[in-house]
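# Observations on the model geometry
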Amino acid sequence: LQMILPYQLNLKKSVQFSLSISSLLRFVFYSYLKSAESKSQGNICKIGEAHMKRAALHNLGCKVNAYETQAMQELLEEHGYEIVPFGEKADIYIINTCTVTNVADRKSRQMIHKARKRNPEAVIVAAGCYVQAKQEDADRDIDIVIGNNRKKDIVAILAEYKERKDGARGRG
């Protein structure tokens, strides 16, 4: 076991135990994540060379928005993003907006401002009806605007944004 895995299980020889392979792998992976997390800076967890970004999503509006928010969350999770509650500090905040009423417009703006206040360095993504219908009123706190027809492309859009931002840093 010690030859295969770079971890030492400090178990006494006299201890009898039964451990399935899946339990062992979960233990090793969890241990690796915890050690990487303790070595990482801020709220980005290093896994090898990749960084696990923390994303928080908030939904405003109808059942369709709720479904699409869930779908975006699943896409992000599939691509290695850690999903955290909207009230926590995150690297990316995604607000799925609504514009059915003036109250919905106001709530959309409030959530965008709350996200920016929570982490001024975060990427703020505004998706949905409000930002699509009111593009001329786009808030300066929004980094990325995604219309209803592009929500399925959230992972690619975030990657493109990061590439542009990293490229701009390299030239500056």
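Note: strand S3 (residues 54-59) against strand S4 (residues 82-83), 2 bridges, orientation parallel. The residue bridging arginine 54 from the neighbouring strand is glutamate 82, located in S4. In terms of handedness, the path from S3 via helix H2 (residues 63-78) over to S4 forms a crossover that is right-handed. Where S3 meets strand S5 (residues 92-97), 5 bridges bridge the pair, whose relative direction is parallel.

This paragraph deals with the sheet that holds S3. Pairing is parallel in the open sheet, where 5 strands are placed in the order S4-S3-S5-S6-S7. Whereas interior strands pair on both sides, the edge strands pair on one side only; in this sheet they are S4 and strand S7 (144-146). The pairing of strand S6 (residues 123-128) with S7 spans 3 bridges and is parallel. If you follow alanine 127 over to S7, its bridge partner there is isoleucine 146. Helix-sheet contacts for H2 involve S3, S4 and S5, and the interaxial angle to S3 is about 170°.

Another point: the confidence of the model for the chain. Confidence in the prediction of the chain, expressed as mean pLDDT, is 77, and 67% of residues score 70 or more. Below a pLDDT of 50 lies the segment residues 1-50, which in the model reaches 35 contacts outside its immediate sequence neighbourhood of four places, other chains included.

Relative to the helices and strands, threonine 69 resides in helix H2. At 3.0 Å, the side chain of threonine 69 and the side chain of asparagine 96 are in polar contact. Here threonine 69 is in contact with Leu57, Asn59 and Asn96, once residues within four sequence places are set aside.

The next thing to look at is the nonpolar core. Grouped together as the largest cluster of nonpolar side chains are 18 residues, with contacts concentrated most on Ala56, Phe86, Tyr93, Ile95, Ile112, Ala115 and Ile124. Secondary-structure elements contributing two or more residues to this core are S5, helix H3 (102-118), S6 and helix H4 (129-133). Top contributing element to this core by residue count: H3, with 4 residues. The next biggest cluster of nonpolar side chains, apart from the first, holds 17 residues, and it includes Met72, Ile92, Ile94 and Ile154.

Cut-off values and rules
- Residues numbered from 1 in each chain as written.
- Predicted model: local features only at pLDDT ≥ 70, side-chain atom pairs only at ≥ 80, totals over all residues.
- Heavy atoms only, no water.
- Pairing = 2+ DSSP bridges.
- Helix = DSSP H or I, 4+ residues; strand = E, 2+ residues; numbered from the N terminus.
- Right-handed = clockwise from strand over helix to strand, strands pointing away.
- Contact = heavy atoms within 4.5 Å.
- Axes fitted to C-alpha atoms, helices over the stretch in contact; angles between N-to-C directions.
- pLDDT = per-residue confidence, 0-100.
- Polar contact = N/O pair within 3.5 Å; in protein donor to acceptor, adjacent residues only side chain to side chain.
- Core = buried A, V, L, I, M, F, W, Y, C linked by side-chain atoms within 4.5 Å.
- Buried < 20%, exposed > 50% of the residue type's maximum accessible area, 1.4 Å probe, protein only.

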